[in-house]
Amino acid sequence: QVQVTESGGGLVQPGESLRLSCEASRRVFRIAAMGWFRQAAGKDRELVAAIRWSGGGAEYQDALKGRFTISRDNYKNAVYVQMNSLNPEDTCVYYCAVQTLESGWSGWGQGTQGTVSS
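One structure accompanies this document, and this report is about it. (Residues numbered from 1 in each chain as written. Predicted model: local features only at pLDDT ≥ 70, side-chain atom pairs only at ≥ 80, totals over all residues. Heavy atoms only, no water.)

## Brief notes about the state of the cysteines
- By the definition in use, this model includes one disulfide.
- Bridging C22 to C96, the disulfide has an S-S length of 2.0 Å. Because the torsion about its S-S bond is -80 degrees, the bridge between C22 and C96 counts as left-handed. Linking C22 in strand β3 (residues 18–24) with C96 in strand β9 (residues 92–100), this pair joins segments that are 74 residues apart in sequence.
- Judged by its relative accessible area of 1%, C22 falls in the buried class.
- Here C96 falls in the buried class, since its relative accessible area comes to 0%.
- Its sulfur unpaired, C92 is 15 Å from the next cysteine sulfur, which belongs to C96.
- By relative accessible area, which is 3% here, C92 ends up buried. (Disulfide = S-S within 2.5 Å. Helix = DSSP H or I, 4+ residues; strand = E, 2+ residues; numbered from the N terminus. Buried < 20%, exposed > 50% of the residue type's maximum accessible area, 1.4 Å probe, protein only.)

This is how it looks when you write it as C-alpha coordinates:
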(Lines give C-alpha, C1' and ligand atoms only; values in the text may rest on other atoms or scores of the structure.)
Protein backbone atom coordinates (compact mmCIF):
# COMPACT_ATOMS: atom_id res chain seq x y z
CA GLN A 1 0.00 0.00 0.00
CA VAL A 2 1.42 3.35 -1.07
CA GLN A 3 1.15 5.75 1.84
CA VAL A 4 3.53 8.54 0.88
CA THR A 5 4.22 10.81 -2.06
CA GLU A 6 7.67 12.15 -2.85
CA SER A 7 8.48 15.29 -4.77
CA GLY A 8 11.32 17.70 -5.39
CA GLY A 9 13.64 15.65 -7.53
CA GLY A 10 15.17 16.94 -10.68
CA LEU A 11 18.33 17.55 -12.65
CA VAL A 12 21.03 19.67 -11.08
CA GLN A 13 24.70 20.36 -11.71
CA PRO A 14 27.45 19.20 -9.37
CA GLY A 15 27.65 21.37 -6.29
CA GLU A 16 24.02 22.38 -6.41
CA SER A 17 21.24 21.39 -4.05
CA LEU A 18 17.91 19.67 -3.99
CA ARG A 19 15.23 19.68 -1.35
CA LEU A 20 12.96 16.67 -1.37
CA SER A 21 9.55 16.53 0.22
CA CYS A 22 7.46 13.60 1.30
CA GLU A 23 3.88 13.81 2.45
CA ALA A 24 2.21 10.89 4.16
CA SER A 25 -1.37 10.00 3.45
CA ARG A 26 -3.96 11.31 5.85
CA ARG A 27 -4.81 7.67 6.49
CA VAL A 28 -1.44 7.06 8.13
CA PHE A 29 -1.60 7.01 11.91
CA ARG A 30 0.75 6.20 14.73
CA ILE A 31 3.84 7.30 12.88
CA ALA A 32 6.98 6.32 14.71
CA ALA A 33 9.42 7.57 12.10
CA MET A 34 9.75 8.59 8.50
CA GLY A 35 12.79 8.11 6.38
CA TRP A 36 14.50 8.69 3.11
CA PHE A 37 16.21 5.96 1.15
CA ARG A 38 17.88 5.93 -2.21
CA GLN A 39 18.83 3.49 -4.90
CA ALA A 40 21.33 4.01 -7.66
CA ALA A 41 21.15 2.09 -10.90
CA GLY A 42 22.43 -1.42 -10.37
CA LYS A 43 22.89 -0.99 -6.64
CA ASP A 44 20.99 -1.86 -3.49
CA ARG A 45 18.69 0.52 -1.72
CA GLU A 46 20.35 2.34 1.14
CA LEU A 47 19.32 4.56 3.99
CA VAL A 48 19.74 8.27 3.51
CA ALA A 49 18.29 9.49 6.78
CA ALA A 50 15.44 8.79 9.16
CA ILE A 51 13.78 10.87 11.81
CA ARG A 52 11.72 9.87 14.81
CA TRP A 53 8.27 11.42 14.91
CA SER A 54 8.33 12.00 18.61
CA GLY A 55 11.40 13.92 19.65
CA GLY A 56 12.86 14.31 16.19
CA GLY A 57 16.02 12.33 16.71
CA ALA A 58 17.70 11.70 13.39
CA GLU A 59 19.93 9.03 11.90
CA TYR A 60 22.07 9.51 8.82
CA GLN A 61 24.18 7.40 6.57
CA ASP A 62 27.64 8.32 7.77
CA ALA A 63 28.88 9.28 4.34
CA LEU A 64 26.03 11.74 3.89
CA LYS A 65 26.02 13.37 7.28
CA GLY A 66 26.89 17.03 6.99
CA ARG A 67 25.66 17.39 3.43
CA PHE A 68 22.15 16.07 3.98
CA THR A 69 19.72 17.30 6.60
CA ILE A 70 16.40 15.67 7.42
CA SER A 71 13.50 17.45 9.05
CA ARG A 72 9.85 16.82 9.68
CA ASP A 73 6.56 18.56 10.21
CA ASN A 74 4.37 16.39 12.43
CA TYR A 75 1.32 18.50 11.76
CA LYS A 76 1.59 18.04 8.02
CA ASN A 77 2.71 14.41 8.17
CA ALA A 78 5.65 15.47 6.08
CA VAL A 79 9.36 14.84 6.00
CA TYR A 80 12.02 16.70 4.07
CA VAL A 81 15.63 16.23 3.18
CA GLN A 82 17.89 19.08 2.19
CA MET A 83 20.68 17.77 0.01
CA ASN A 84 23.63 20.07 -0.54
CA SER A 85 26.88 19.88 -2.46
CA LEU A 86 25.54 17.19 -4.69
CA ASN A 87 27.81 15.14 -6.89
CA PRO A 88 27.14 12.59 -9.63
CA GLU A 89 27.35 9.76 -7.09
CA ASP A 90 24.17 11.13 -5.54
CA THR A 91 22.24 10.31 -8.69
CA CYS A 92 19.54 7.98 -7.42
CA VAL A 93 15.88 7.39 -7.12
CA TYR A 94 14.98 8.73 -3.70
CA TYR A 95 12.23 6.98 -1.79
CA CYS A 96 10.29 7.87 1.30
CA ALA A 97 8.76 5.43 3.75
CA VAL A 98 6.86 5.37 7.01
CA GLN A 99 7.50 3.34 10.12
CA THR A 100 4.67 2.80 12.56
CA LEU A 101 4.66 1.23 15.98
CA GLU A 102 3.27 -2.01 14.57
CA SER A 103 5.27 -2.28 11.35
CA GLY A 104 8.67 -1.75 9.87
CA TRP A 105 9.35 0.49 6.92
CA SER A 106 6.28 0.48 4.75
CA GLY A 107 4.06 2.55 2.51
CA TRP A 108 6.90 3.17 0.07
CA GLY A 109 6.32 5.92 -2.43
CA GLN A 110 7.03 5.71 -6.12
CA GLY A 111 10.24 7.64 -5.68
CA THR A 112 11.58 10.86 -7.11
CA GLN A 113 14.59 10.93 -9.40
CA GLY A 114 17.53 13.05 -8.43
CA THR A 115 20.12 13.41 -11.17
CA VAL A 116 23.41 15.25 -10.77
CA SER A 117 25.17 15.88 -14.03
CA SER A 118 27.17 18.56 -15.76
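## Points about the pattern of salt bridges
- A full pass over the atoms with the stated rule returns four salt bridges.
- Ionic pairing is found between R30 and E102, a salt bridge with its closest N-O pair at 3.1 Å. Placement of R30 in the loop between β3 and β4 (31–39) and of E102 in the loop between β9 and β10 (103–106) is noted, with a sequence separation of 72 residues between them. As far as burial versus exposure is concerned, R30 and E102 are alike and both exposed.
- Put simply, R67 and D90 hold a salt bridge, and the shortest N to O gap is 2.9 Å. In this pair, R67 sits in the loop between β6 (58–60) and β7 (68–73) while D90 sits in the loop between β8 (78–83) and β9, placing the two residues 23 residues apart along the sequence.
- If you follow the salt bridges from partner to partner, you end up with R38, E46, R67 and D90 in one network. (Salt bridge = Lys/Arg side-chain N within 4 Å of Asp/Glu carboxyl O.)

## Regarding the side chain of Q3
- Note that Q3 resides in the segment before β1 (4–7).
- In this structure, Q3 is in contact with E23, A24, S25, V28, S106 and G107, ignoring residues within four places of it in sequence. (Contact = heavy atoms within 4.5 Å.)

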